[in-house]
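Breakdown of the fold
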Amino acid sequence: AAASAAALLAGAAPWRVTAVKRSSRQLKPPPPYNTAALQLDASARLSLPVGVVMQLAQRLYEGVELRGERRALITYMRTDSLVMSEDAISAARRLVTARFSPAEDWLPAEPRRFVDRKRKNAQEAHEAIRPVDFGVEPSSLEGLLPPKEAQ
């Protein structure tokens, strides 16, 4: 089948691009992680089994020695919630404002808030899974984390 298709194309007139359609679309950010989303994304992106993902998340939650003190890197990882605290939202917005210029191009006027409409009884006692401190750069953790955790 492939050989006959190649033979047909070989005898055909050269291909020409007759039009180029350009369009732009604005991508919306994904919601923060809850436990299920973290497991799915880590499995898909990093090819890690769910058990390994949760072990790594537990270690990131328990923290690493950083600048002389033990610091958690992520919030509690067993949660159904997509909610982020106002303090966390403000910290994330300050980070974007400091790093990207002009900030108006990167930040909406009002922060997005995610709600899981399917689960009215989501565990709202916990926040979504997120960095504890948005100011901790991944590069500052080099050598402090084993390679799997650094991913």
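Everything below is about the structure shown above.
Residues numbered from 1 in each chain as written. Predicted model: local features only at pLDDT ≥ 70, side-chain atom pairs only at ≥ 80, totals over all residues. Heavy atoms only, no water.

Observations regarding the overall build of the protein
Within the protein, the regular secondary structure consists of five helices and two strands. Reading the protein from its N terminus to its C terminus gives the helix and strand order α-α-α-β-β-α-α. Taken against the 2.2 N^0.38 rule, which gives 15 Å for 151 residues, the C-alpha radius of gyration of the protein at 22 Å runs more than 25% over that of a compact globule. Principal axes of the C-alpha set define a box for the protein whose edges measure 70 × 40 × 40 Å. Residue burial in the protein is summarised as follows: out of 151 residues, 26% are buried. In the structure as shown, the protein presents an accessible area of about 11,500 Å², 56% of it carried by carbon and sulfur atoms. Positive and negative side-chain charges in the protein, numbering 22 and 17 respectively, have mean positions lying 10 Å apart. (Helix = DSSP H or I, 4+ residues; strand = E, 2+ residues; numbered from the N terminus. Rg over C-alpha atoms; globule rule 2.2 N^0.38 Å. Buried < 20%, exposed > 50% of the residue type's maximum accessible area, 1.4 Å probe, protein only. Areas by Shrake-Rupley, 256 points an atom, 1.4 Å probe, with all protein chains shown as cover. Lys, Arg positive; Asp, Glu negative; His and termini not counted. Charge placed at Lys NZ, Arg CZ, Asp CG, Glu CD.)

Considering the pattern of salt bridges
One pass over the full model with this rule turns up five salt bridges. For the salt bridge of Arg113 with Glu86, the shortest nitrogen-to-oxygen distance reads 2.8 Å. One end of the pair, Arg113, is in the loop between helix H4 (86–99) and helix H5 (147–150); the other, Glu86, is in helix H4, with 27 residues separating them in the sequence. Since its relative accessible area comes to 46%, Arg113 is described here as partly exposed. With a relative accessible area of 45%, Glu86 lands in the partly exposed category. Close ionic contact of Arg99 with Glu137 constitutes a salt bridge, the shortest N to O distance being 1.8 Å. Of this pair, Arg99 sits in helix H4 while Glu137 sits in the loop between H4 and H5, and the two are 38 residues apart along the sequence. Residue class for Arg99 comes out partly exposed when judged on its relative accessible area of 43%. (Salt bridge = Lys/Arg side-chain N within 4 Å of Asp/Glu carboxyl O.)

A few points about the packing of aromatic side chains
Ring pairs (aromatic) are described by centroid distance and by the angle formed between their planes. Enumeration according to the criterion identifies two aromatic pairs in this entry. Pairing Tyr61 with Tyr76 gives two aromatic rings, centres 5.4 Å apart and planes at 70 degrees, and the pair type is edge-to-face. With Tyr61 in helix H3 (residues 50–62) and Tyr76 in the loop between strand E2 (69–71) and H4, this residue pair connects regions lying 15 residues apart in the sequence. A centroid spacing of 5.0 Å and a plane angle of 35 degrees characterise the contact between Phe100 and Trp106, whose relative ring orientation is tilted. Using a relative accessible area of 38% as the deciding quantity, one classes Phe100 as partly exposed. (Phe/Tyr/Trp six-rings, centres within 6.5 Å; stacked < 30°, edge-to-face > 60°.)

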